[in-house]
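# Chains, contacts and geometry: an overview
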Amino acid sequence: MHCEPEISLTMKSLVIYDSNFGNTKTIAELIAATLHCEARHVSKASLEAMKNVDLLVVGSPINAWRPTPAIQKFLSSLEALTNVRAAGFDTRMKTFLSGNAAKRINNQLKQKGAKIIAQPKGFYVTGKEGPLEANEKENAANWANELVQLVNNG
Ligand SMILES: Cc1cc2nc3c(=O)[nH]c(=O)nc-3n(C[C@H](O)[C@H](O)[C@H](O)COP(=O)(O)O)c2cc1C
């Protein structure tokens, strides 16, 4: 039997996402399921919700080479992320000028003091409105398991 490592139950994780057509939401929810935490739409993100968060995952569709305005606003509004581990992801199209919103998310999280634990991660959609490419749901679960391992290994 193949057993994935579990995230420590004493750890509080949170996934914050934005999504225009539901694809980033799907990825966010899959990641949250592995992390045993909530996937919360950015419109419902609050400083209160951020309290005691140990691992913060932020995801956005790429809109014009960058995260959505709502995600950018959320990231700027964050207080200092002391003792917070973080990772950013985006959903994108397979074009040579798709851009890299996840990298921008990570940079902003780092600026706020978070420890970035993973490379920026992109998940592919087949068109503007989706759907996700065939293997991306599995990739999302795998990536979340990698995050668990990175957290567990310090
Ligand atoms: C206004 C707009 C701008 C976009 N710009 C980009 C872009 O610069 N690069 C890219 O790869 N995809 C771009 N896309 C496609 C998005 O990546 C795609 O809509 C998104 O991944 C779907 O996720 P969602 O369902 O969560 O919104 C754009 C989509 C919209 C609506």
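Structure report, in brief. Model, not experiment: these values are computed from the prediction. (Residues numbered from 1 in each chain as written. Predicted model: local features only at pLDDT ≥ 70, side-chain atom pairs only at ≥ 80, totals over all residues. Heavy atoms only, no water.)

## Remarks on the overall build of the protein chain
The criterion, for reference: Think of it this way: any DSSP run of H or I at least four residues long counts as a helix, any run of E at least two long counts as a strand, and we number them from the N terminus. The atom set for the radius of gyration is the C-alpha atoms, and the globule formula is 2.2 Å times the number of residues raised to the power 0.38. Buried means the residue's accessible area, taken with a 1.4 Å probe over protein chains only, is under 20% of the maximum for its type, while exposed means over 50%, and partly exposed covers the values in between. Pairs of residues are marked as contacts when any of their non-hydrogen atoms sit within 4.5 Å. Computed with a 1.4 Å probe, the accessible areas rest on the Shrake-Rupley method; for each residue, only the protein chains presented here act as cover. Neither His nor the chain termini are counted; the positive set is Lys and Arg, and the negative set is Asp and Glu. Charge coordinates come from a single atom per side chain, which is NZ of Lys, CZ of Arg, CG of Asp or CD of Glu.
Within the protein chain, the secondary structure is distributed over 4 helices and 6 strands. For 154 residues, the compact-globule estimate of 2.2 N^0.38 gives 15 Å, and the protein chain sits close to it at 14 Å. Taken across its 154 residues, the protein chain has 44% of its residues classed as buried. The contacts of the protein chain with a sequence gap of at least 6 include a subset with a gap of at least 24, amounting to 74%. Per element, the accessible surface of the protein chain, about 8,200 Å² overall, is 50% carbon and sulfur. One way to put it: in the protein chain the 18 positive side-chain charges average out to a point 8 Å from where the 14 negative ones average out.

## Observations concerning the packing of helix H2 (residues 69-77) against helix H3 (residues 101-111)
Rules: Helix axes use the C-alpha atoms of the stretch in contact, all axes being lines fitted to C-alpha atoms, and the angles between their N-to-C directions lie in the range 0 to 180 degrees. Each angle is binned into one of four classes, with values under 35 degrees roughly parallel, values over 145 roughly antiparallel, values of 65 to 115 roughly perpendicular, and all other values oblique. Handedness of a helix crossing follows the sense of rotation of the near helix relative to the far helix, less than a right angle counterclockwise being left-handed and clockwise being right-handed.
Direction vectors running N to C along H2 and H3 enclose 15°, while the axes themselves pass 9 Å from each other. Here H3 runs roughly parallel to H2, going by the angle between their axes. The chirality of how H2 crosses H3 is right-handed. Counted together, Ile 71, Gln 72, Leu 75 and Ser 76 of H2 and Ile 105, Gln 108 and Leu 109 of H3 form the full contact between these two elements.

## Side note on the nonpolar core
Quick note on the threshold: Take the buried residues of types Ala, Val, Leu, Ile, Met, Phe, Trp, Tyr and Cys, join any two whose side-chain atoms come within 4.5 Å, and each joined set is a nonpolar core.
Counting 23 residues, the largest nonpolar core has Val 15, Ile 31, Val 57, Phe 89 and Trp 143 as its most contacted members. Secondary structure elements with two or more residues in this core: strand E1 (13-17), helix H1 (23-35), strand E3 (55-61), strand E4 (85-93), strand E6 (121-125) and helix H4 (136-152). Looking at this core element by element, the count peaks at 6 residues for H4. Excluding residues within four positions of it along the chain, Ile 31 makes contact with Val 15, Val 57, Phe 89, Ala 140, Trp 143 and Ala 144. Residues Val 42, Ile 105, Leu 109 and Ala 114 belong to the second largest nonpolar core, which totals 17 residues.

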